[in-house]
Amino acid sequence: MINLKNYRIPKILFLLLITFISTMEHANAQQGDFTLNGSVKDVFGHELPGATISCPETDISSTVSGEDGSFIIKGSLTQNQVIIISLNNYKSKEIIFQEEEDLNIVLESDVSGRDNTISLLTGDRTKSSVGASAFTLTADALSRTRATGLGSALTGRIPGYANGYIRGKSTLNGDSPTIIVDGMVTDNYGYLNLNDVESVTVLKDAAATSLYGFQSASGIVSVKTKKGYNGESTIKVTANYTMEDAMVSPTVLNSAQYASLYNEAWANDGNSGTIYSPYDIEQYASGENLDLYPNNNWYDMFIDPLVETQNIHVSGRGGSETFKYYVGMGYLHQDSPYQTDGTVSETYGTNQFSLGSNLDIKVNDYISGYMNLSAKVNNNIDTKGSNIYTSIFNQPPTIYGPTTPEGHVIITETDATSTYALINRSGYVKTTGTNITSLSGLNIDLKKLLPGLSAGGDLMYYSTPTSYINASTDYVRYRRDETVTDSLAFVQYGSNEDEPLTLAKTVSTSYRTQFQGHLSYENTFGDHGVSSNVLIQKQYYSAPSNDDDAIEPYIKMTYGFNASYSYKNLFYADFVSSVQGSEQFNSGSRYGYFPSLSAALVLSNYDFLKNDKTVSFLKFYASHGYTGNDNLGTSDRYLYKDNLTSSGTRIFEDRLGNPNITWETSRIANIGFEIGLWDQLSLSFEYFDDKRTDILLNNQIIPSMNGVASSSLPLMNQGEVQSYGFETVLGYQKDFSEDLSFGVNGYFAFNDNEVVNAAELYKGDDYAYPYTTTGQRIGQNWGYLIDYSNGNGYFNSEAEITGSGLSYDGNSPRPGDFKYQDLNNDGVIDTRDRAPMGYSSIPRITYGGELNMKWKRFDLSALVFGQSQVTSFNSGAGYYESYSGGTFFSQHLNAWTPERYANGDEITAPALSLNGSSSNTANNYYLQDKSYFQLREVTLSYSIPENWSNTMSMKDARIFFSARNLFYLDNMKSDDQTVAMSGVNTSPSRRAFVLGFNLTF
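The written sequence of each chain sets the order in which its residues are numbered from 1. Residue-level local features of this predicted model are given only where pLDDT is at least 70; pairs of side-chain atoms are given and counted only at 80 or more, and the full residue set underlies all totals for whole chains, interfaces and linings. Water and hydrogen atoms play no part in the side-chain values, which are based on all heavy atoms of the structure.

Per an unreviewed UniProt entry, the protein goes by SusC/RagA family TonB-linked outer membrane protein and derives from Formosa undariae.

## Thoughts on the overall build of the protein
Assigned secondary structure in the protein consists of 14 helices and 51 strands. Radius of gyration here is computed from C-alpha atoms only, and the compact-globule reference equals 2.2 Å multiplied by the residue count raised to the power 0.38. Taken over the C-alpha trace, the protein has a radius of gyration of 32 Å; the compact-globule value for 1001 residues is 30 Å, and the two agree within 12%. Seen through its principal axes, the protein has C-alpha atoms that stretch 100 × 70 × 65 Å. A buried classification covers 52% of the 1001 residues belonging to the protein. Once local pairs closer than 6 in sequence are excluded, the contacts in the protein between residues at least 24 apart make up 70%. Of the accessible surface of the protein, which amounts to about 44,100 Å², a share of 53% is contributed by carbon and sulfur atoms. In the protein, the 68 positive side-chain charges and the 109 negative ones have mean positions that sit 7 Å from each other. Where helices and strands are cited, they refer to DSSP runs of H or I of at least four residues and of E of at least two residues respectively, numbered from the N terminus. Only protein chains enter the calculation, and the probe is 1.4 Å; a residue is then buried if its accessible area is under 20% of its type maximum, exposed if over 50%, and partly exposed in between. Working rule for contacts: check all heavy atoms of both residues, and any pair within 4.5 Å makes them a contact. Accessible areas in this description were obtained via Shrake-Rupley with a 1.4 Å probe; residue shielding takes into account the shown protein chains only. Positive residues here are Lys and Arg, negative ones are Asp and Glu, while His and the chain termini are left out of the count. Where a charge sits is defined by one atom per residue type, namely NZ (Lys), CZ (Arg), CG (Asp) or CD (Glu).

## Some points on the pairing of strand E39 (residues 716-735)
Looking at chain direction, strand E38 (residues 681-697) and E39 are connected through 15 bridges and run antiparallel. Counted as the bridge partner of Leu697 is Met716 from E39. Alignment of E39 against strand E40 (residues 740-757), held across 16 bridges, turns out to be antiparallel. The residue bridging Thr728 from the neighbouring strand is Phe748, located in E40. By this definition, two strands are paired if DSSP reports at least two bridges between them.

## A short note on the environment of Leu306
Mapped onto the elements, Leu306 comes out in strand E18 (residues 306-319). Sequence-wise, Leu306 and Ala246 are 60 residues apart; in three dimensions their C-alpha atoms are separated by 7.0 Å.

## Quick look at the UniProt feature "domain: TonB-dependent receptor plug" (unreviewed entry) in the protein
UniProt positions are given in the numbering used here, feature names are shortened, and annotations may be inferred rather than shown by experiment. Annotation from UniProt places "domain: TonB-dependent receptor plug" (unreviewed entry) at residues 127-220. The span residues 127-220 is 14% helical and 26% strand by assignment, and the distance between its end C-alpha atoms comes to 18 Å.

## Some details on the nonpolar core
By size, the foremost hydrophobic cluster in this structure holds 26 residues, and its most contacted members are Leu150, Tyr189, Val221 and Val223. Counting only elements with at least two residues in this core, the list comes to helix H2 (139-142), helix H3 (150-154), strand E13 (178-181), strand E15 (197-203), strand E16 (220-225) and strand E24 (453-463). In contact with Val221, not counting residues within four places along its chain, are Tyr161, Ile166, Pro177, Thr178, Ile179, Ile180, Tyr189, Val200, Thr201 and Val202. Throughout, nonpolar core names a set of buried Ala, Val, Leu, Ile, Met, Phe, Trp, Tyr and Cys residues whose side chains join them through atoms within 4.5 Å.

## Details of the sheet that holds strand E27 (residues 490-493)
Strand pairing in a sheet relies on backbone hydrogen bonds, with the paired strands running either antiparallel or parallel. Ordered in space as E22-E26-E27, the 3 strands form an open sheet in which the pairing is mixed. For this open sheet the edge positions go to strand E22 (409-410) and E27, each flanked by a neighbour on one side alone. With 4 bridges joining them, strand E26 (residues 477-480) and E27 adopt antiparallel strand pairing. Of the residues in E27, the one forming a bridge with Arg479 is Val491.

## As for the environment of Gly156
Locating Gly156 in the fold gives a position in the loop between H3 and strand E11 (161-162). A relative accessible area of 4% means that Gly156 is categorised as buried. C-alpha of Gly156 to C-alpha of Gly746: the two residues are 590 residues apart in sequence and 8.8 Å apart in space.

## Points about the pattern of salt bridges
Salt bridge criterion: a side-chain nitrogen from Lys or Arg within 4 Å of a carboxyl oxygen from Asp or Glu. Inspection of every chain in the model, using the stated rule, returns 38 salt bridges. Notably, a salt bridge pairs Asp679 with Lys91, separated by 3.1 Å at the nearest N-O pair. Taken together, the residues span a long stretch of sequence, with Asp679 in the loop between strand E37 (664-677) and E38 and Lys91 in the loop between strand E5 (81-86) and strand E6 (93-97) at a distance of 588 residues. Of the residues examined, Lys91 reaches a relative accessible area of 21% and is grouped as partly exposed.

## Digging into the environment of Lys973
Among the secondary structure elements, Lys973 is positioned in the loop between strand E50 (956-970) and strand E51 (990-1000). For the pair formed by Lys973 and Tyr926, sequence separation is 47 residues and the distance between their alpha carbons is 8.6 Å. Residues contacting Lys973, with those up to four places away along its chain left out, are Asn924, Tyr925, Tyr926, Leu927 and Gln928.

## Description of the side chain of Asp822
The residue Asp822 is located in the loop between strand E42 (807-808) and strand E43 (828-829) in this model. No salt bridge is formed by the buried Asp822; its nearest oppositely charged neighbour, Arg832, is found at 9.5 Å. Contacts described as polar in this section are N or O atom pairs within 3.5 Å, which, within protein, must combine one atom able to donate a hydrogen with one able to accept it, while residues neighboring in sequence count only if both atoms come from side chains. From its side chain, Asp822 meets the backbone nitrogen of Asp826 in a polar contact 3.1 Å long. Sequence-distant contacts of Asp822, that is, excluding residues within four places in its chain, are made with Leu806, Gly827, Val828, Ile829 and Asp833.

## Examining the packing of helix H5 (residues 255-268) against helix H6 (residues 278-286)
The angle between two axes is taken between their N-to-C directions and runs from 0 to 180 degrees, where each axis is a line fitted to C-alpha atoms and a helix contributes only its stretch in contact. As a packed pair, H5 and H6 sit with axes 7 Å apart at the nearest point and diverge in direction by 155 degrees. With respect to their mutual orientation, H5 and H6 come out roughly antiparallel. Where H5 abuts H6, its residues Ser255, Ala256, Ala259, Ser260 and Asn263 lie against Ile281, Tyr284 and Ala285. Each residue gets one label: Ala, Val, Leu, Ile, Met, Phe, Trp, Tyr, Cys and Pro are nonpolar, Asp, Glu, Lys and Arg are charged, and the others, such as Gly, are polar. Grouping the constituent residues of the contact of H5 with H6 by class yields 5 nonpolar, 3 polar and no charged. Relative orientations are named as follows: roughly parallel for angles under 35 degrees, roughly antiparallel for angles over 145 degrees, roughly perpendicular for angles from 65 to 115 degrees, and oblique for any other angle.

In structure tokens:
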């Protein structure tokens, strides 16, 4: 565990933060010639922090209620001025200011969230006015999670978002959503401290994303960080300690079991004799002489089941009419899961430091600006060898080690490294990654020229410099002298010697810059509201690469326009479009046009439903539009040019160019409704249809040109994928009394796709399935179908193999190998017999739900998530016993043998082999259903009574205990890994137990 007292940087930054906030608090006290005090509470008198209090059509900035629900409005208010109080999941309230007296506001809860804020790319809107498909997760929802990363916090909370995809996959090429943070396109959001995030909006359809042209087809994740407000300053401190333990550990067989199975596989491969004698196996089983007959569990020896993390975050927030600020600072330390012998010169693990500040300045009634600065430093020290988990299964338990009695590293003739050496004797890699963001902008109110007119501009910069210190060394290697059987003896292997540590440093960097200007107009004419915005944006991106094509920055130019219309609060319509261009494409075809249209009809605001006690909210909405994707799934940049490579004095034409290369285009339609019943129940439903065309691919139909390989033919935009699906959300919320409230919401999302055209060559009538991509879903699993007509699906004798009349392409079958179905009836089992099975690795169905309950000072929340109709193949370590020349697990204990078959015993694996067999390939035995249901998080918190916290000058104090990844319900064929793991030789899934506190001053 790290000693925080040894780290001076966090202490210094903490002192600077406190000094800055104190200074701002003093400055706030000097401002404003008129102050109006107020408070916001619910119907039971509970204080409501975070409510926004705004005064439209005035120059007074919005303010936010504090932890005790209080707020202060500073400025000049006139009689009959409208004041709007809004808070997510509560009904907004408008009041008319009459005189200078305190305002006591009471808000009613609203499970339908009609007045919730949806953060679109074109600006914030209320949920009831949005016809696009978008889902905003607020800081209040994020505050319930104790996850350390934003990606983990989103899973299970946003319908249609899972595994990094929005509404599944709809192209054969790159399909990751675009990430936007505070208006700037970035590589990812992993650098953000979760405590600094104000909201996350997942934008799904064309109406929500088309402003970003061919960066929008796969959806957009838009993140906003916290900003200051016009009100009393607050300081928040959040700290927690996390203990993680492995949910599963691979079942490591003992040496006697290993030796027996090795002999069995040796014999199955047609070898004579045995490697381990009965006496050897007896000695391994007895454990009486571990020097000569070891029994090592390398996994337990080198992998720590417990990993500790400490996390602290301090923030300050507040401001005045002219200056608002948010400052946050975080520190995280996480231990390494590797167990060392104490001789490593550096301590493995991760230390992260983050610092962010968002400043808003109002120069006068016409000019305002902002500046957001943030930095994150991630120091990670890891082993020189990145394959620690893999190396563990390269060493049988029968090997003495990990060192000789004299301390020298022991290896085997088949593996000249060892897990022990990779961790302790090979050096280390120290990676220092830095994320630096600088965003600034000005906004000019041009109401003197035209009421409602404004203009502004932004200058944005994002950089990720990373340095690597590679510390390398070498060591003497020894192996067991097998000629000596009655005592320990070792001989040196190779000529390696112990070497001193040598250091080498490399640096890489990437950066993004974004310049944009906009002209906006917004006004109301009686019952009609109109707004519009014109955007000009230029993006630069420089990737870390030595490739000549990548040295020049990637450039995108965008001209955007949107217009909105509203009639009363009944009907809303939006038109969004962009013209975007990229230098990736030929000069004559670099720009594309991406329009979209959406509309929303709020029936519950019509007179016939306005005061209905049953239907409290009812909205229908629809959208249609076009988006694009220029993530073409290839490392070649200028595909419209011939790609030439050289070797010595020779020049090769690697790939012919296609001057007509273009981006993918998606036509997306979306329709849905939302309904609220009895102010307690809410239901929403959306259906979407996405037609993706112009997908870039290798045209397999064109025959190879004379002298030009098919792989060198130009890529062509001929692919087409049809995607569709739906999402539904159900919520319930009720405040039973002042002390008890209960809420639950859940979603169910379905998506599917079909590859309509992949320019795929018809393989021939002799194939059971002549097309393997066209007509299938993206990523469809293919393999051999096992023939169970004989009862168990194995060849149970040589006579059965002969009688089947089948020959196998590749390894010939042995007794105990799988019998496959000859789908094309040609007597040969080969690729022509492969069949689609299961689904793909992208789930068709995802679902999630969250429960929140409050009783007196206790709060309980729980989050679940699940996926279904998703499959992949098991392979490698843990499944193929031939891995690394013999790796055995629990299912191999009951592998097929003639004796086990004759006795009618349970058979759990095909006949063992050390060299690989016809069974070790993709088939329905290895097909794995990756469906699961997961209890992701449970948190119990307790609010300290005010009379206790007030004695320590705190506005609020809370302690909490949280547990993450408590359990999975799945259909895994092996208990050695969870569904979240890609194999037993990868980092294990871990459950986490978190204890911490939140303090507000």
